[in-house]
Structure formats: structure tokens, C-alpha cells
Amino acid sequence: MIFTLIADYFMVALEEADNLTGVTVFLGTQLFIFLHIMVNDTDRKSRVANIVIRVFLMAVIALAVPLVLGEDGDLLSLLSVIYFANLCVNTIFAHRIGRGGMLLTLGLFLFALCDINVGLSGLNSIYTGGLPEVSLLYKLANAEVDLIWVFYIPSQTLIPMTLLYKQKNK
């Protein structure tokens, strides 16, 4: 939670957002969640699969992001994709940790939905000519309800509840 608060500070609370620092800290958060999953997953094959998938994704991302984005690519883009890939892998493997694992899985899934909406909110401004108003992406990015917070608040409640649930049920 400390890392999430620090990342949010850099991305939301500062008058001029420092997205690179925020994403870097969020990536650190995902790495700590990865370690939590690895320590609590009792199945050796699952732990190995987690590492292999993660290493493979990082290699693909390191090659693909510069190719896809070309001159428009930067460190923030690369770290954002690495962060989101780690969030997705953590979401897939979180249920493996036993008690509290489903809470963590749901919390991470909601967090991914939050981040998807963060991405959608910036998509309209970078998409050449703007998104067509009839498109689903436009409607999601411009919904009357701020979907970022709809998913963020419960995710940030469920993720720490995982640890509380685990402590209570030891």
C-alpha cells in the first residue's frame, strides 16, 4: 500500500504529474506482489511457470514496444507496458496463494480495469483526429461516471484485505 500511495502522489496529487516516477513505483508494487505470490505458492511447477511467462513477456515487450512505437516510444511507454504485463501475470497467478488468493485476484483484476480506463482517458487526446463519438472506446473514455475510481477504490480495499485475511486465518 505504501508504494501505491507514493505512486498515486506522483501521478495524481502533484500539481504537475510525474508519470515516469509514478509508473516506476507502480512497477515496484507489482514486483512486491510477484514476490508475495512466489513465497506463498506451494506448487513448484506454478512458480516456475510464473517466472518463465514473466521473463518471456519482458523479452517480447523489450523488443516489441520500440518496434511498434518507433520514434514515439519512450521510457514511460516501455515501463507502462512492462508494468501492465506484470499486473496481468500477477492477476493470473494470485489465486495460487491459497487463503486470500481470490481476494487478491479480484483486487488485481479491478486494478487492471482501473488502469485500462486510465489508458482510455488519454487515448482520445493522442488518437489522430479524436475517437469517433459512436465508438465504444470513446463512450468508455467519456462515461458520465469516472470509471477509474469505480474500479480503483474497491481494488485498493481488496488487495490489503488479502494480507488481513491471511493473518486472521493462520
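This text goes with the structure placed above it.
Quick notes on the rules
Residues numbered from 1 in each chain as written. Predicted model: local features only at pLDDT ≥ 70, side-chain atom pairs only at ≥ 80, totals over all residues. Heavy atoms only, no water. Helix = DSSP H or I, 4+ residues; strand = E, 2+ residues; numbered from the N terminus. Rg over C-alpha atoms; globule rule 2.2 N^0.38 Å. Buried < 20%, exposed > 50% of the residue type's maximum accessible area, 1.4 Å probe, protein only. Contact = heavy atoms within 4.5 Å. Lys, Arg positive; Asp, Glu negative; His and termini not counted. Charge placed at Lys NZ, Arg CZ, Asp CG, Glu CD. Phe/Tyr/Trp six-rings, centres within 6.5 Å; stacked < 30°, edge-to-face > 60°. Patch = residues over 30% accessible without salt bridge, like charges linked within 9 Å, V, L, I, M, F, W, Y side chains within 5 Å. Areas by Shrake-Rupley, 256 points an atom, 1.4 Å probe, with all protein chains shown as cover. Salt bridge = Lys/Arg side-chain N within 4 Å of Asp/Glu carboxyl O. Core = buried A, V, L, I, M, F, W, Y, C linked by side-chain atoms within 4.5 Å.

(A) A look at the overall build of the protein. Scanning the protein from terminus to terminus reveals 7 helices and 0 strands. Along its sequence from the N terminus, the protein presents helices and strands in the succession α-α-α-α-α-α-α. Taken against the 2.2 N^0.38 rule, which gives 15 Å for 170 residues, the C-alpha radius of gyration of the protein at 17 Å falls within 12% of a compact globule. For the protein, the spread of C-alpha atoms along the three principal axes comes to 55 × 35 × 30 Å. By residue count, 35% of the 170 residues in the protein fall in the buried class. In the protein, the share of contacts with a sequence separation of at least 24, taken over all contacts with a separation of at least 6, comes to 63%. Side-chain charges in the protein split into 10 positive and 13 negative, and the spacing between the mean points of these groups amounts to 27 Å.

(B) Main features of the packing of aromatic side chains. Counted by the stated rule, this structure contains 6 aromatic pairs. Plain terms: the ring middles of F3 and F32 are 5.0 Å apart, the flat faces sit at 35° to each other, and that makes the pair tilted. Placement of the pair is F3 in helix α1 (residues 2-13) and F32 in helix α2 (residues 19-40), with a sequence separation of 29 residues. Residue class for F32 comes out partly exposed when judged on its relative accessible area of 48%.

(C) Main features of a nonpolar patch on the surface. On the surface, I2, F3, I6, F32 and L35 cluster together into a nonpolar patch covering about 480 Å² of accessible area. The element best represented in the nonpolar patch is α1, accounting for 3 residues. Position of I6 relative to the elements: it lies in helix α1.

(D) Examining the nonpolar core more closely. With 30 residues, the main nonpolar core has I37, Y83, L87, L104, L108 and F111 as its most contacted residues. For this core, the secondary-structure elements that each account for two or more residues are α2, α3 (44-69), α4 (75-93), α5 (101-126) and α7 (147-168). Once residues lying within four places of it in the same chain are set aside, the contact partners of L104 are I33, H36, I37, A94, I97, I159 and T162.

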